[in-house]
Amino acid sequence: MTAVQDASALPTQQAETGSRPRLLVALTIITPLAVLVGLYMALFNARTDIDQGDVQRIFYIHMPAFIGAFVALGGTVIGGIQYLRTRQVKWDTLALAGVEVGIALALVNLVTGMVWARPIWNTWWTWDPRLTSEAIMVLTYAAYIMLRQGIENPEQRRRFAAVYGILAFITVIITLVITRIRPDTIHPVVIGPSVQTDMAQGAFEVAATSGVRTALMVNMPVWAVLVPITLMWYRIRLENFNQHIQALKMKALS
Amino acid sequence: MKTPFLKAVLSIVRKDVQIELRSRELVSSMGLFALLSILIFSFALELDRSARQEAISGVLWVTVVFASILGLNRSLAMERDQGNLDAMLLAPIDRVAIFFGKLAGNLVFALVVGLLLLPIMTILYNQNLLQPWLLVVLLLGTFGFATVGTLLAMMTVQTRARESLLPIVMMPVALPVLLAAVRASTNILTETPIADWIAWPQILVVVDIIYLVACYLLFEYVIEE
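Residues numbered from 1 in each chain as written. Chains lettered and ligands numbered in written order. Predicted model: local features only at pLDDT ≥ 70, side-chain atom pairs only at ≥ 80, totals over all residues. Heavy atoms only, no water.

**Some points on the environment of Trp223(A)**
All names here are of chain A.
Now for step 1: Relative to the helices and strands, Trp-223 is located in helix H6 (residues 212–253).
Now for step 2: The spatial distance from the C-alpha of Trp-223 to the C-alpha of Gly-38 is 9.0 Å, given a sequence separation of 185 residues.
Now for step 3: Setting aside its immediate chain neighbours within four residues, Trp-223 contacts Val-35, Ile-61, Pro-64, Ala-65, Gly-68, Leu-105, Val-108 and Pro-228. (Helix = DSSP H or I, 4+ residues; strand = E, 2+ residues; numbered from the N terminus. Contact = heavy atoms within 4.5 Å.)

**Things to note about the packing of helix H3 (residues 49–81) of chain B against helix H7 (residues 165–189) of chain B**
Residues and elements named next belong to chain B.
Now for step 1: Their axes nearest at 9 Å, the elements H3 and H7 cross at an angle of 145 degrees. With respect to the hand of their crossing, H3 and H7 are arranged in right-handed fashion. Contacts between H3 and H7 involve Gln-53, Glu-54, Ile-56, Ser-57, Gly-58, Trp-61, Val-65, Phe-66, Ile-69, Leu-72 and Asn-73 on the former and, on the latter, Leu-166, Pro-167, Met-170, Met-171, Leu-178, Ala-181, Val-182, Ser-185, Thr-186 and Leu-189.
Now for step 2: Split by residue class, the contact of H3 with H7 holds 14 nonpolar, six polar and one charged. (Axes fitted to C-alpha atoms, helices over the stretch in contact; angles between N-to-C directions. Left-handed = near helix turned anticlockwise from the far one by under 90°. Nonpolar A, V, L, I, M, F, W, Y, C, P; charged D, E, K, R; others polar.)

**Here's the deal with the pattern of salt bridges**
Pairing of side chains with opposite charge becomes possible as their charged atoms draw close.
All names here are of chain B.
Now for step 1: As enumerated under the stated definition, the model contains 11 salt bridges over all chains in all.
Now for step 2: Salt-bridge contacts for Glu-25 lead to Arg-74; the nearest nitrogen and oxygen are separated by 2.7 Å. On the criterion of sequence distance, the pair formed by Glu-25 in helix H2 (residues 25–44) and Arg-74 in helix H3 is long-range, its members being 49 residues apart.
Now for step 3: Several salt bridges share partner residues, and in doing so they unite Lys-15, Asp-16, Glu-79 and Lys-102 into one network. (Salt bridge = Lys/Arg side-chain N within 4 Å of Asp/Glu carboxyl O.)

**A word on the nonpolar core**
Now for step 1: Ranked by size, the top nonpolar core spans 117 residues in total, and within it Tyr141(A), Tyr164(A), Leu167(A), Trp61(B), Phe145(B) and Leu151(B) carry the most contacts.
Now for step 2: Apart from residues lying up to four places away in sequence, Phe145(B) is in contact with Trp61(B), Val64(B), Val65(B), Leu72(B), Thr150(B), Met170(B), Ala174(B), Val177(B) and Leu178(B).
Now for step 3: Membership of the second largest hydrophobic core comes to 10 residues, among which are Met41(A), Ala42(A), Phe204(A) and Leu216(A). (Core = buried A, V, L, I, M, F, W, Y, C linked by side-chain atoms within 4.5 Å. Buried < 20%, exposed > 50% of the residue type's maximum accessible area, 1.4 Å probe, protein only.)

**Some thoughts on unusual backbone geometry**
Now for step 1: Of note, Asn122(A) is a non-glycine position whose phi angle comes to about 65 degrees, a positive value.
Now for step 2: Phi is positive for Arg24(B), close to 50 degrees, though the residue is something other than glycine.
Now for step 3: The topology assignment puts Arg24(B) in the loop between helix H1 (5–23) and H2.
Now for step 4: Using a relative accessible area of 56% as the deciding quantity, one classes Arg24(B) as exposed.

**Structural notes on the environment of Thr147(B)**
Residues and elements named next belong to chain B.
Now for step 1: The residue Thr-147 is located in helix H6 (residues 132–156) in this model.
Now for step 2: Put simply, Thr-147 and Lys-102 are 45 residues apart on the chain and 9.4 Å apart in space, counted from C-alpha to C-alpha.
Now for step 3: Look past the residues within four positions of Thr-147 in its chain and what remains in contact with it is Phe-99, Leu-103, Tyr-211, Leu-212 and Cys-215.

**Re the interface of chain B and chain A**
Now for step 1: Listed as interface residues are 25 residues of chain B and, on the opposing side, 24 residues of chain A.
Now for step 2: Across the contact surface, chain B and chain A share three residue pairs in polar contact (both at pLDDT 80 or more).
Now for step 3: At the level of secondary structure, the elements contributing two or more residues to the side of chain B that touches chain A comprise H6, H7 and helix H9 (199–223) of chain B.
Now for step 4: The leading source of residues in the side of chain B that touches chain A is H7(B), at nine residues.
Now for step 5: Among the residues forming the side of chain B that touches chain A, the class breakdown is 20 nonpolar, two polar and three charged. (Polar contact = N/O pair within 3.5 Å; in protein donor to acceptor, adjacent residues only side chain to side chain.)

**With respect to a nonpolar patch on the surface**
Now for step 1: On the surface, Val25(A), Ile29(A), Ile30(A), Leu33(A), Leu36(A), Leu39(A), Tyr40(A), Leu43(A) and Phe44(A) cluster together to form a nonpolar patch covering roughly 880 Å² of accessible area.
Now for step 2: Structurally, Phe44(A) can be placed in helix H1 (residues 22–45). (Patch = residues over 30% accessible without salt bridge, like charges linked within 9 Å, V, L, I, M, F, W, Y side chains within 5 Å. Areas by Shrake-Rupley, 256 points an atom, 1.4 Å probe, with all protein chains shown as cover.)

**Brief notes about H9(B)**
Residue and element names in this part refer to chain B.
Now for step 1: Across its 25 residues, H9 extends 36 Å between first and last C-alpha, which sits within 8% of the 36 Å expected from 1.5 Å per residue.
Now for step 2: When the local axis directions of H9 are compared, the greatest deviation, roughly 35 degrees, occurs at Leu-217.
Now for step 3: Along H9, the positions that sit buried rather than exposed are Trp-200, Pro-201, Leu-204, Val-207, Asp-208, Tyr-211, Ala-214, Cys-215, Leu-218, Phe-219, Val-222 and Ile-223. (Expected span 1.5 Å × (residues − 1). Bend = angle between axes of the 7 residues up to and from the residue.)

**Examining H3(B)**
All names here are of chain B.
Now for step 1: Taking 1.5 Å per residue, 33 residues should reach 48 Å; H3 reaches 47 Å between its end C-alpha atoms and fits that length.
Now for step 2: A bend of about 50 degrees at Ala-55 is the largest found in H3.
Now for step 3: Once H3 ends, the next one or two residues include Gly-83, with phi positive near 75 degrees.

Shown next, in the form of structure tokens:
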């Protein structure tokens, strides 16, 4: 995150003005295009699944979006640890950006999952362990934002947010592994080992249909890397501008 | 000259227990709350014989969690309001000793309430809860809640929203403990063979250790001023 500036130096230092770093400009162009390519691969290039029909195509967004949320929330953990070690504001900004982008991508994951579940499971929502744990994960990060808003002192706010951001990651790990440790889930495990699949409803073979693997290989890096990084970068810039404005306000008032 | 670690922890626990023995503020409010909650649950869920067997461990744990939250809020707000936190921070002791001292105190109070609940629920719900394995699970579960709870309550008492924030912040993080504890207790109460559920107490031990290490490492960042 080279664009991040130390906000403590802001009043004297010239903050970033409108011009974006070249890499960010490149990402701004590449990411939407990559999303479109990914959609093409998912909607047209991959062959239709023999059991589920077109509904299965939602998987190409569904799972990559969760990995994207995982990456963003992992950024929160890194930001939190680094903030506690170095006390530089930029790490806290990274953590905040990670939480907001993580929530957004987790919601993409939840909503696509619900749309898929309606025809396959015949219900929008069920209190399955995986679904419940992900809902709780989103609520945990909502609590993170509430915690931030509840603290006036900026230094204390950053410190507590770092602590909670690290602790909250436990819920992400649980969501990730729960289908593998709880045998009573109906959520299918498509990739990797699983304890039991006879309960799972709606699994499919990646190798069975042509184009599935390609669509997955294209969409995975798009949603897991490009989308979270681009969004987080913009969120960090927004926060930097915000802090710059605050600093200017304080200067004008004093 | 630093006070030895164990001595500092023990004196913090002794202080908390002594305050409690004189005022009986925490355990009485937690106990009364727990009792009311059991009664409310039995009306609200309209529990019959078979539903009771399934739901009783859920009722037990939800009650324990909320009673713990009540106690944690009071226990740490008390430190802050009466300036004892500052005194402890000034004292020549290891700061982590404050965490372990408060953790031990909170654990004791939550356990007392939990242990009171077991015979009361045994009578009111006509189900034998006084089983050795259930006591083990109760100890492990309350230990997990007390660990995250002590860290998070130390944070929330320093915020503006105070009491209202702790349940929101703590419930999702404490969920793994709750999940494993409820699973284990349900299986114990339905008299399932031990091989089918022994994994849950084991998961509970692992989760407790993870939380203890995480909270131990993070605690000093929560109290620096």
